[in-house]
Amino acid sequence: TLYSKRRISFWLRNHNVKSDEKTVFFQSFNGKTYGCSPKAVYEYMIRQKEFSDWKFIWAFADDEQHKDLEKNPNTTVIKQQKMEYEHALASAKYWITNYRIPDYIWPKENQVYVQCWHGTPLKRLGYDLQTSENAIDSIQEIRQKYDMDAKKFTYILSPSKFSSEKFSSAWNLKETNMEHKIMEVGYPRND
């Protein structure tokens, strides 16, 4: 399948890329904006002395619109979905995002992928869907994507007990013994 070929290609191009212990990759809403919890984590980190020698990489669909972030000398802005994007993911020890990473991209064992998500799950997600209104994916395909995501992320942040329960159910975390990935610590953007 195309997915398998892309995953193998990504691995072949990047398996020898060493993950830098002091590099953080950020992305918000699939590269559409500078916002939400990834922005909050980034702005916190650049204000802290302990991160003064760290590198920060932001990926955007329209990188030119966000070049002003490079006023911080430790920040690089890249265009999403290019080889540079894949290399940035492979070379960063930490991934901070509030949306899905492309299916074919997987973190290495030594990388930390923090899924911040982007809201309170007031609608059904993943395994909680009963019907698919998605023209592209069936219920089974949606569940496969949620299975894949659950295996990828190291942590998923939760703002409340309600959200933790919904995340556990949507990503099938209890049944797969991965509930430990939920960190009920609030969202960085407002906590």
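For the structure given in this document, a descriptive report is provided here.

What counts, and where the lines are drawn
- Residues numbered from 1 in each chain as written.
- Predicted model: local features only at pLDDT ≥ 70, side-chain atom pairs only at ≥ 80, totals over all residues.
- Heavy atoms only, no water.
- Salt bridge = Lys/Arg side-chain N within 4 Å of Asp/Glu carboxyl O.
- Buried < 20%, exposed > 50% of the residue type's maximum accessible area, 1.4 Å probe, protein only.
- Helix = DSSP H or I, 4+ residues; strand = E, 2+ residues; numbered from the N terminus.
- Pairing = 2+ DSSP bridges.
- Right-handed = clockwise from strand over helix to strand, strands pointing away.
- Axes fitted to C-alpha atoms, helices over the stretch in contact; angles between N-to-C directions.

1. As for the pattern of salt bridges
For step 1, the next point in the chain: One pass over the full model with this rule turns up 10 salt bridges.
For step 2, the next point in the chain: Between D103 and R100 there is a salt bridge whose closest N-O contact spans 2.4 Å.
For step 3, the next point in the chain: The exposure class assigned to D103 is buried, which follows from its relative accessible area of 18%.
For step 4, the next point in the chain: Between K161 and E165 there is a salt bridge; the shortest N-O distance is 3.8 Å. In this pair, K161 and E165 both sit in helix α5 (residues 161-170), four residues apart, roughly one turn of the helix.
For step 5, the next point in the chain: A residue is classified by how much of its surface remains accessible, and K161, at 57% relative accessible area, is exposed.
For step 6, the next point in the chain: Owing to a relative accessible area of 45%, E165 belongs among the partly exposed residues under this scheme.
For step 7, the next point in the chain: Each of R100, D103, D137, K145 and D149 takes part in salt bridges that share partners, so that together they form one network.

2. Considering the pairing of strand β6 (residues 155-158)
For step 1, the next point in the chain: Bridge count between strand β5 (residues 112-115) and β6: two bridges; the pairing is parallel. The residue bridging V114 from the neighbouring strand is Y155, located in β6.
For step 2, the next point in the chain: Relative to strand β7 (residues 182-184), β6 is paired through three bridges, and the arrangement is parallel. Bridge assignment links S158 to a residue of β7, and that residue is E184.
For step 3, the next point in the chain: The β-α-β motif built from β6, the intervening α5 and the parallel element β7 has right-handed crossover chirality.

3. Overview of unusual backbone geometry
For step 1, the next point in the chain: Although it is not a glycine, F29 sits at a positive phi angle of roughly 50°.
For step 2, the next point in the chain: Mapped onto the secondary structure, F29 falls in the loop between β1 (20-27) and α2 (36-47).

4. Let's talk about the sheet that holds β6
For step 1, the next point in the chain: A sheet is described by the order of its strands in space; here seven strands give the open sequence β3-β2-β1-β4-β5-β6-β7, paired in parallel fashion. In this open sheet, the two strands that pair with only one neighbour each are β3 (75-79) and β7. For this sheet, the mean angle separating the axes of adjacent strands, direction not counted, is 25°.

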